[in-house]
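Residues per chain are reported as follows:
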Amino acid sequence: MAISAASDIIASDGTGRNRFELLVQSVTDYAIYMLDVGGHVVSWNAGAERFKGYREDEIIGQHFSRFYTDEDRATNLPARALRTAEEEGRFEAEGWRVRQDGTRFWANVVIDPVRLPDGTLVGFAKVTRDLTEKRAAEDALRRSEERFRLLVQNVTDYAIYMLDLDGHVVSWNAGAERFKGYRQDEIIGQHFSRFYTDEERAAEIPRKALERARTKGRFEAEGWRVRKDGGRFWANVVIDPIRDPSGRLIGFAKVTRDLTERRQSQLALEQAQEAFFQAQKMEAIGKLTGGVAHDFNNLLAAIIGSLDLARRKLADGGDIGRFIDNAMKAAERGATLTQRMLAFARKQELKLETVDSAALVRGMAELVQRTIGGGVRIDTQFPLVLRRVRADPAQLELALLNLAVNARDAMPEGGRIVIAAREEQAGPGEGVRPGRYICLSLTDNGEGMDPATLARATEPFYTTKGVGKGTGLGLSMVHGFAEQCGGKLVLDSQPGGGTTADIWLPAADDEAPPEVERPDHGDCAITDRLVVLAVDDDALVLTNTAAMLEDAGHCVLQAGSGRVALQMLSENRVDVVVTDFAMPDMNGAQLAEAVQAGWAGVPVVLISGYAELPDGTGDDLQRLAKPFRQDQLLRSVAQAIAVRAQGAEVLPFPTRKQQG
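Residues numbered from 1 in each chain as written. Predicted model: local features only at pLDDT ≥ 70, side-chain atom pairs only at ≥ 80, totals over all residues. Heavy atoms only, no water.

1. Regarding the overall build of the chain
The number of helices and strands found in the chain is 23 helices and 20 strands. A total of 660 residues make up the chain; the buried ones form 40% of that total. Counting only contacts in the chain whose residues sit at least 6 apart along the sequence, the fraction spanning at least 24 positions is 58%. (Helix = DSSP H or I, 4+ residues; strand = E, 2+ residues; numbered from the N terminus. Buried < 20%, exposed > 50% of the residue type's maximum accessible area, 1.4 Å probe, protein only. Contact = heavy atoms within 4.5 Å.)

Here it is in structure tokens:
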């Protein structure tokens, strides 16, 4: 009866039946079919055949429950679905359905009641859609999301959580709980600024961090963060913006790592390194006192002993000349040792000139031979044509002399030293600026050095000569000198195979202007008795300087500071001021400026224990280096007077060679 009624509805309009039947039969993405009131299939479309695998002649008259799983049939789901549709006007659900071959597919099912105009139920319209692929994709997405959720939730070395647009916490992982001490239920909805220090909140760092992440695409920083219990930890923080597929900002991802232990380890390492560097400094000082102090004590012993003997002989009317000469030689050796130290420290002023290195070596040959003794033969090998170099000739002589002494000490039984020269072209990565260089080499056939010794050869205070036999400054001095000239020192040595020391010096420009012949006022005689104001904070040096000037017939006023000197200038007529540079409160250069401002006609001689003065200091002054002899002091005073009288050029700071 029900089947007949349903058929009557379908066939009630011949024209309509064809149109609707064609419409339903053409749908293949949906299974659309009709059930009678008992749930038996009374129509079947192409989509139903495609989904479920039954042909129309196989399924018409069969109960629709065969499409359900055994589990669903056991719970009487098919009957409940029809009853829900009849009572509520609609049934919809998703679940597994069964094909003819027994395989399952995930389906969305809608069942609607079919009634006559008078309301009589005559069947049900059932629409089914195969959502297997969609469910598979959703399952894959869900599994992926679950994996990521588990991943994030189980990370304990990083605090990974999300903030909303205003900075409130919306997710929380195990790492965040471990670092910060808050449980998830305690922190969700709270503002992330509570993790910052009071100082950073006052400076609005949290707000600025979010703003930077918003505008720049990322914020990263390190700093102190605060735990729930008030304790602090050192953290690395990264904040990234989170945007939906349309690009709209929906929140921020915040990743925090606790670096407290690493920071403590880093601080401990830095402290250990500082302690190590301090120990190295102390070791260097120990070597300095063991080497340099020993040499100075030897020199002082010679000076004091000679002067003591001279005083005794003078009382007896004896000849004291040889004792004075001996004391002078010891003092000059002390000055040379000081030069080495200053060259190592790069506080020895260099006067770079165009130097003929071949002529310089020939000129110092006798000095070198006399210094190293007769047991070592010296040969030279210079090309016929050799470019000049840019160097300080006096310091170059001292460097070569140091190398010669080292070579002699490496040949205790005697040997041969070869001093040679060659031109080199330096390229990038060779330790000097690219260009042309002259390489002065000094080679011996002595004991040589092993790799460990060679690696430390230019270290300050490093020596293999034993206590009291060397300061360890010779090669350091040569190394410092070469670098100051714009070159380098290269050592090559093999145990038992001798040593070669190469000094690379920049070649002089062929078109460089010749050296300007400076007017020499060194022999200017001072015919008048001068009033000289001597200024030095060291009473011994001041007394000695005044005595030298008084011995030359000058009237000397003595001042122990710059301020006292200015007071004396205001009270006395002074012809020239001789002042030390390194003095407390007011140094010599500042005193010279005050003199030039208040007493423009009074020249100033500036004395310094080393030549590394601040840039521009005393450039217009006559300068003199310590230690100095009387003739050098008088020459500087004469030059200063001559410059004032004639308006001549101020002479450069005299080198040791010029002073000697």
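2. Some remarks on the pairing of strand 5 (residues 158-163)
Only one face of strand 5 is buried, namely the one carrying A159, Y161 and L163, since none of Y158, I160 and M162 on the opposite face is buried. Bridging between strand 5 and strand 8 (residues 249-258) involves 6 bridges; their strand directions are antiparallel. Its bridge partner being in strand 8, Y161 is matched across the sheet by K254. (Pairing = 2+ DSSP bridges.)

3. Comments concerning unusual backbone geometry
With phi around 60 degrees, E204 is a residue other than glycine that occupies positive phi space. Here E204 shows up in the loop between helix 10 (198-202) and helix 11 (205-216). A residue is classified by how much of its surface remains accessible, and E204, at 41% relative accessible area, is partly exposed. Phi is positive for D585, close to 70 degrees, though the residue is something other than glycine. Among the structural elements, D585 can be located in the loop between strand 18 (576-580) and helix 21 (588-598). Residue D585 is classed as exposed on the basis of its relative accessible area of 73%.

4. Examining the packing of helix 15 (residues 365-372) against helix 16 (residues 393-409)
Axis separation between helix 15 and helix 16 bottoms out at 10 Å; the angle between their running directions is 35 degrees. Considering how the two elements wind past one another, helix 15 and helix 16 form a crossing that is right-handed. Facing helix 15, whose interface residues are V368, T371 and I372, helix 16 presents L401, A404, V405 and R408. Of the residues belonging to the contact of helix 15 with helix 16, the class tally is 5 nonpolar, 1 polar and 1 charged. (Axes fitted to C-alpha atoms, helices over the stretch in contact; angles between N-to-C directions. Left-handed = near helix turned anticlockwise from the far one by under 90°. Nonpolar A, V, L, I, M, F, W, Y, C, P; charged D, E, K, R; others polar.)

5. Overview of helix 20 (residues 562-571)
Restricting attention to buried positions, one finds in helix 20 the residues G562, A565 and L569. Angular distribution of buried residues about the axis of helix 20 spans 55 degrees; they occupy a single face of the element. In helix 20, those exposed residues whose orientation departs by more than 90 degrees from the buried face are R563 and E571. At its buried positions, helix 20 is contacted by strand 16 (531-535), strand 17 (555-559), strand 18 and helix 21. (Arc of directions from axis to C-beta.)

6. A look at the side chain of T260
Structurally, the position occupied by T260 is in helix 12 (residues 260-315). Judged by relative accessible area, T260 falls into the buried class, the value being 14%. At a separation of 2.6 Å, a polar atom in the side chain of T260 contacts the side chain of D258. Excluding anything up to four places from it in sequence, T260 contacts R227, F233 and W234. (Polar contact = N/O pair within 3.5 Å; in protein donor to acceptor, adjacent residues only side chain to side chain.)

7. Comments concerning the nonpolar core
Of all hydrophobic cores here, the largest spans 39 residues; its most connected members are I417, I503 and L505. Sorting elements by how many residues they give to this core places helix 16 first, with 8 residues. Counting 23 residues, the second largest nonpolar core, distinct from the first, contains W44, A48, F67 and A85. (Core = buried A, V, L, I, M, F, W, Y, C linked by side-chain atoms within 4.5 Å.)

8. Concerning the confidence of the model for the chain
Mean pLDDT over the chain: 81, with 81% of residues reaching 70 or higher. Counting contacts from residues 511-525, a segment whose pLDDT is below 50, to residues more than four positions away or on other chains yields 18 contacts. Low confidence marks residues 648-660, where pLDDT is under 50. Its contacts with residues over four positions away, or in another chain, come to 43 contacts. (pLDDT = per-residue confidence, 0-100.)

9. Notes on the sheet that holds strand 6 (residues 219-226)
Strands sit in the order 5-8-7-6 across an open sheet of 4 strands; the sheet is antiparallel. Looking at which strands have only one partner, the edges of the open sheet turn out to be strand 5 and strand 6. Neighbour to neighbour, the strand axes of the sheet diverge by 25 degrees on average, direction disregarded. Its contacts with the sheet put helix 11 on strand 5, strand 6, strand 7 (232-243) and strand 8, and the angle it makes with strand 7 is roughly 40 degrees.

10. Remarks on the packing of aromatic side chains
In the structure shown here, the tally under the stated rule is 15 aromatic pairs. A centroid spacing of 5.9 Å and a plane angle of 55 degrees characterise the contact between Y54 and F67, whose relative ring orientation is tilted. On the criterion of sequence distance, the pair formed by Y54 in the loop between helix 3 (46-52) and helix 4 (56-59) and F67 in the loop between helix 4 and helix 5 (70-74) is long-range, its members being 13 residues apart. Residue class for Y54 comes out buried when judged on its relative accessible area of 7%. With centroids separated by 6.0 Å and ring planes inclined at 80 degrees, the aromatic side chains of Y161 and F195 adopt a geometry described as edge-to-face. Here Y161 is found in strand 5, whereas its partner F195 is found in the loop between helix 9 (184-187) and helix 10, with 34 residues between them in sequence. You can call Y161 buried: its relative accessible area is 2%. Linked through ring pairs, Y33, W44, Y54 and F67 together constitute an aromatic cluster. One residue, K180, lies across the ring of F195, its end atom 4.2 Å from the ring centre. Positioned above the aromatic ring of W504, the side-chain terminus of K488 is 4.5 Å from the ring centre. (Phe/Tyr/Trp six-rings, centres within 6.5 Å; stacked < 30°, edge-to-face > 60°. Lys NZ or Arg CZ within 6 Å of the ring centre and 35° of its normal.)

11. Structural notes on the sheet that holds strand 20 (residues 622-625)
One open sheet holds the 5 strands; their spatial order is 17-16-18-19-20, and the pairing between them is parallel. If you trace the sheet from one side to the other, it starts and ends with strand 17 and strand 20, each paired once. Across the sheet, the mean angle from the axis of one strand to that of its neighbour is 20 degrees, orientation sign disregarded. In this sheet, strand 18 lies alongside strand 16 in parallel orientation, the contact comprising 4 bridges. Bridge pairing in strand 18 places V535 opposite T579. Where helix 21 meets the sheet, its contacts fall on strand 16, strand 18 and strand 19 (604-608), and the angle it forms with strand 19 comes to roughly 175 degrees.

12. Quick word on the environment of I378
Relative to the helices and strands, I378 resides in strand 10 (residues 376-381). Those residues in contact with I378 that lie beyond four places of it in its chain are V368, Q369, I372, I417 and I419.

13. Looking at the environment of T156
Structurally, T156 can be placed in the loop between helix 7 (132-154) and strand 5. Expressed as a C-alpha distance, the spacing of T156 and R257, which sit 101 residues apart in the sequence, is 9.7 Å. Apart from the residues within four sequence positions on either side, T156 is in contact with A174, G175, R178 and F179.

14. Some thoughts on a nonpolar patch on the surface
A cluster of nonpolar side chains, L307, I324 and M328, forms an exposed patch at the surface whose accessible area comes to about 230 Å². Here L307 is to be found in helix 12. Note on L307: relative accessible area 42%, which makes it partly exposed. (Patch = residues over 30% accessible without salt bridge, like charges linked within 9 Å, V, L, I, M, F, W, Y side chains within 5 Å. Areas by Shrake-Rupley, 256 points an atom, 1.4 Å probe, with all protein chains shown as cover. Salt bridge = Lys/Arg side-chain N within 4 Å of Asp/Glu carboxyl O.)

15. Here we look at the packing of helix 20 against helix 21
Relative orientation of the contacting elements helix 20 and helix 21 amounts to 20 degrees, with a least axis distance of 10 Å. Between helix 20 and helix 21, the angle is such that the two are roughly parallel. As for how helix 20 packs across helix 21, the hand of that crossing is right-handed. Residue-level contacts link G562, A565, L566 and L569 of helix 20 to L591, A594 and V595 of helix 21. Per-class residue counts for the contact of helix 20 with helix 21 are 6 nonpolar, 1 polar and no charged. (Parallel < 35°, antiparallel > 145°, perpendicular 65-115°, else oblique.)

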